[in-house]
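Okay, here's what each chain looks like letter by letter:
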Amino acid sequence: MENASLVFVVDTWGLIHWYEFEATGIADDRPARITESMRISDIGRTTVSRPSWYGQAMEMENSSRR
């Protein structure tokens, strides 16, 4: 990519409430554009799922402690 921009909306506590990323350039000899944005709300109520590898990592960690 040749050009990129990233914009954050941040409050006085440093919490990010919104961001937008955009990049343009050439990919496979053709013009390309990538955009991504996200709005973050209900801070304090967000749930994140454990990744699929979590159980295996915990098993490996526990077996190495024996």
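Shown above is the structure to which this text applies.
Residues numbered from 1 in each chain as written. Predicted model: local features only at pLDDT ≥ 70, side-chain atom pairs only at ≥ 80, totals over all residues. Heavy atoms only, no water.

**Quick word on the side chain of Asp11**
Tracing the backbone through its elements, the reader meets Asp11 in the loop between β1 (3-10) and β2 (16-27). In this structure Asp11 is buried but unpaired, with Arg39 as the nearest side chain of opposite charge at 12 Å. At 3.0 Å, the side chain of Asp11 forms a polar contact with the backbone nitrogen of Leu15. Of the polar contacts made by the side chain of Asp11, one reaches the side chain of His17; its length is 2.8 Å. (Helix = DSSP H or I, 4+ residues; strand = E, 2+ residues; numbered from the N terminus. Buried < 20%, exposed > 50% of the residue type's maximum accessible area, 1.4 Å probe, protein only. Lys, Arg positive; Asp, Glu negative; His and termini not counted. Salt bridge = Lys/Arg side-chain N within 4 Å of Asp/Glu carboxyl O. Polar contact = N/O pair within 3.5 Å; in protein donor to acceptor, adjacent residues only side chain to side chain.)

**Quick look at a nonpolar patch on the surface**
Where nonpolar side chains cluster on the molecular surface, the patch consists of Leu6, Phe8, Val10 and Ile16 and spans about 340 Å² of accessible area. In terms of residues, the nonpolar patch owes the most to one element, β1, which gives three residues. (Patch = residues over 30% accessible without salt bridge, like charges linked within 9 Å, V, L, I, M, F, W, Y side chains within 5 Å. Areas by Shrake-Rupley, 256 points an atom, 1.4 Å probe, with all protein chains shown as cover.)

**Considering the sheet that holds strand β3 (residues 30-39)**
Taken in spatial order, the three strands line up as β1-β2-β3 in an open sheet, and their pairing is antiparallel. On the outer flanks of this sheet lie β1 and β3, each paired with one strand and no other. Looking at each pair of strands side by side, their axes are set apart by 5° on average, direction ignored. Note: β1 against β2, eight bridges, orientation antiparallel. Following the sheet pairing, Ala4 is matched in β2 by Ala23. (Pairing = 2+ DSSP bridges. Axes fitted to C-alpha atoms, helices over the stretch in contact; angles between N-to-C directions.)

**A look at the pairing of β3**
On any regular strand, side chains alternate: one points to one face of the sheet, the next to the other face. As judged from the ten bridges shared by β2 and β3, these two strands associate in the antiparallel manner. In the strand pairing of β3, Tyr19 is matched with Met38. The antiparallel hairpin formed by β2 and β3 contains two residues in its connecting segment, where Asp28 sits at a positive phi of about 55°.

**Looking at the environment of Val9**
Structurally, Val9 can be placed in strand β1. Residue Val9 is classed as partly exposed on the basis of its relative accessible area, which comes to 40%. Along the chain, Val9 and Ser37 lie 28 residues apart, while their C-alpha atoms are 11 Å from each other. Once residues within four sequence positions are removed from consideration, Val9 is found in contact with Leu15, Ile16, His17 and Trp18. (Contact = heavy atoms within 4.5 Å.)

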